[in-house]
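Descriptive analysis of the structure
Residues per chain, in single letters:
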Amino acid sequence: MGDIVARKFTGAFTQQAALPAEAMQAAMSVLESGRLHRYNLLPGETGDVAALEAEYRDWQGSSYCLAVTSGGQALQIAMRACGVEPGDVVLTNAFTLAPVPGAIAAVSGRAALVEINENLRLDLGDLERKIARTSARFLLLSHMRGHLCDMEALMRICDSAGITVIEDCAHTMGARWNGKRSGNFGKAACFSTQTYKHMNSGEGGFLTTDDAGIAARATILSGSYMLYERHGAGPVPGTFAEARYQMPNCSARMDALRAAILRPQLARIEESISAWNALYAATDQGLAISDRIKTIARPAAETPVGSSIQFRLPGFGAAQCQALLAAAAKRGVELKWFGGSEPVGFTSAHQSWRYMDAQLLPRTDSVLATLFDMRLPLTFSTGDCAFISELICEAVDEVTS
Ligand SMILES: *Cc1c(COP(=O)(O)O)cnc(C)c1O
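Residues numbered from 1 in each chain as written. Predicted model: local features only at pLDDT ≥ 70, side-chain atom pairs only at ≥ 80, totals over all residues. Heavy atoms only, no water.

In the annotation of an unreviewed UniProt entry, the entry for the protein chain reads DegT/DnrJ/EryC1/StrS family aminotransferase, and the organism field reads Leisingera daeponensis.

Next up on the list: the state of the cysteines. Inspection of every chain in the model, using the stated rule, returns zero disulfides. This cysteine, cysteine 149, is not joined by any disulfide, and cysteine 158 carries the nearest cysteine sulfur, 8.5 Å off. Not part of a disulfide, cysteine 321 finds its nearest cysteine sulfur in cysteine 393, a span of 16 Å. (Disulfide = S-S within 2.5 Å.)

With that out of the way, let us pick up the packing of aromatic side chains. Scanning the model with the defined rule gives 11 aromatic pairs in all. Plain terms: the ring middles of phenylalanine 9 and phenylalanine 380 are 5.2 Å apart, the flat faces sit at 80 degrees to each other, and that makes the pair edge-to-face. Pair noted here: phenylalanine 9 is in the segment before α1 (21-33) and phenylalanine 380 is in the loop between β14 (371-375) and α13 (382-400), with a separation of 371 residues, a long-range link. Centroid distance tyrosine 56 to phenylalanine 191: 5.3 Å. Interplanar angle 65 degrees. Geometry classified as edge-to-face. Remark: phenylalanine 191 occurs in strand β8 (residues 188-192) and tyrosine 56 occurs in helix α2 (residues 48-60); sequence separation between them is 135 residues. Classification of phenylalanine 191 by relative accessible area gives buried; the value is 1%. A connected cluster of aromatic rings, assembled from ring pairs, spans Tyr56, Trp59, Phe191 and Phe206. Here lysine 180 stacks its cationic end above the ring of phenylalanine 185, 4.6 Å away from the centre of that ring. The positively charged end of arginine 375 is found above the aromatic ring belonging to phenylalanine 346, 5.2 Å away from the centroid. (Phe/Tyr/Trp six-rings, centres within 6.5 Å; stacked < 30°, edge-to-face > 60°. Helix = DSSP H or I, 4+ residues; strand = E, 2+ residues; numbered from the N terminus. Buried < 20%, exposed > 50% of the residue type's maximum accessible area, 1.4 Å probe, protein only. Lys NZ or Arg CZ within 6 Å of the ring centre and 35° of its normal.)

Below, the discussion takes up the domain arrangement of the protein chain. Frequently, the measure chosen for interface size is the accessible area removed from exposure when the parts meet. Partitioning the protein chain into structural domains gives domain 1 (21-267) and domain 2 (269-400). Computed over C-alpha atoms, the centres of domain 1 and domain 2 are 26 Å apart. On the domain 2 side, the residues contacting the 43 residues of domain 1 number 34 residues. Between domain 1 and domain 2, the buried area comes to about 3300 Å², and carbon and sulfur atoms account for 57% of it. The tally of links between domain 1 and domain 2 comes to 22 residue pairs in polar contact (both at pLDDT 80 or more). (Domains from an automatic or database assignment. Contact = heavy atoms within 4.5 Å. Buried area = accessible area lost by both parts, 1.4 Å probe. Polar contact = N/O pair within 3.5 Å; in protein donor to acceptor, adjacent residues only side chain to side chain.)

Running from N to C, α2 and helix α9 (residues 256-267) cross one another at 35 degrees; their axes reach a closest spacing of 8 Å. Relative to α9, α2 is oriented so that their crossing is left-handed. Every residue of α9 that contacts α2 at Asp48, Val49, Ala51, Leu52, Glu55, Tyr56 and Trp59 is listed here: Ala256, Ala259, Ala260, Leu262, Arg263 and Leu266. By residue class, the composition of the contact of α2 with α9 is 10 nonpolar, no polar and three charged. (Axes fitted to C-alpha atoms, helices over the stretch in contact; angles between N-to-C directions. Left-handed = near helix turned anticlockwise from the far one by under 90°. Nonpolar A, V, L, I, M, F, W, Y, C, P; charged D, E, K, R; others polar.)

On to the pairing of strand β2 (residues 89-93), then. A regular strand carries its side chains on alternate faces of the sheet. Burial analysis of β2 places five of its five residues in the buried class, which makes it a mostly covered element. Bridge analysis of β2 against strand β3 (residues 110-114) gives five bridges, and the strand direction is parallel. Looking at β3, one finds that asparagine 93 is bridged to valine 114. As defined by bridge partners, β2 adjoins strand β4 (residues 138-142) across three bridges and the pair is classed as parallel. Of the residues in β4, the one forming a bridge with threonine 92 is leucine 140. (Pairing = 2+ DSSP bridges.)

Okay, structure coming up:
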């Protein structure tokens, strides 16, 4: 008798949906014009980058919006525009992606990592302890994998301690807490339009704020030369009086080609959000069937965008976690594990960020030790997601039998 062949999913976890036809047409007109630089405009022309900034500002509900080359650049620029100086302590989540500690290092800040809880949100008790214990005046809050902490409680803590909050919304573009959009709580917010996020321009990002001074400083930092009047959602020219001399040009502008392909995606983003949430619900329900799998609790106040899903396997040792990766892979399911001792692909843990001071984070470590992560690309159907969940449950059974 031969081996029993496992049932297998044959879809691709990294295959993105095609861009809308309007995006392709818009890209062609930019290419035909040859005017790819955001400031290369004909008299009276707005340009795609400025138009996108105005559209994103209106959709986000912020006062100002600046388009930049990446989410990571938006983080660096936001920190500098908010006043982070070399040597300043910047609090941030211990569970996040490498560009977040990377941005803190790029502005010569000192990252102080804050624990997360078992539902992957910032531990507000540890935040208060670290505010008391350090001289921090800044929190770079990463809504990692789309999990929003209690934003009212967080803002109460930070406001009373004089902490400036910068939101990393790379995974929460379109998400809300008690109806208010993620990104509209702190002083400034950063978004990414990198391929694996909620809009896809390959690379790209936005910075939004309601503060005219931050918007002006950020604009000059992004490399606007003195052409800030060509921006679509910036403050009035008078606001730049100081920033134009004080801020260095760090060349992180968005170009017209990316903006042209983002505008039609922004016009459809609510449909994408609903589609992601349907995929998430199908996957989450399927995983909840297993007694061993712990899905992540989603508070009633949160309206997330389920572009990826996480779950835990409490009690699993490292060998079992490794075996689960293999058992899932055999079934065509690409899982990521945050408990590995080596950084792999996009997945790394704080112990691998050795350019910063080593820090003790026992609670986060115990959560990450059995934390799994999976992308939900829009090329999947809800049927695919239900099948994938069955396969994960089977893989868990195989590992534990
Ligand atoms: C992707 C990502 C970023 C940065 O985005 P890039 O556009 O890739 O620079 C920041 N924070 C988190 C949590 C991310 O996943």
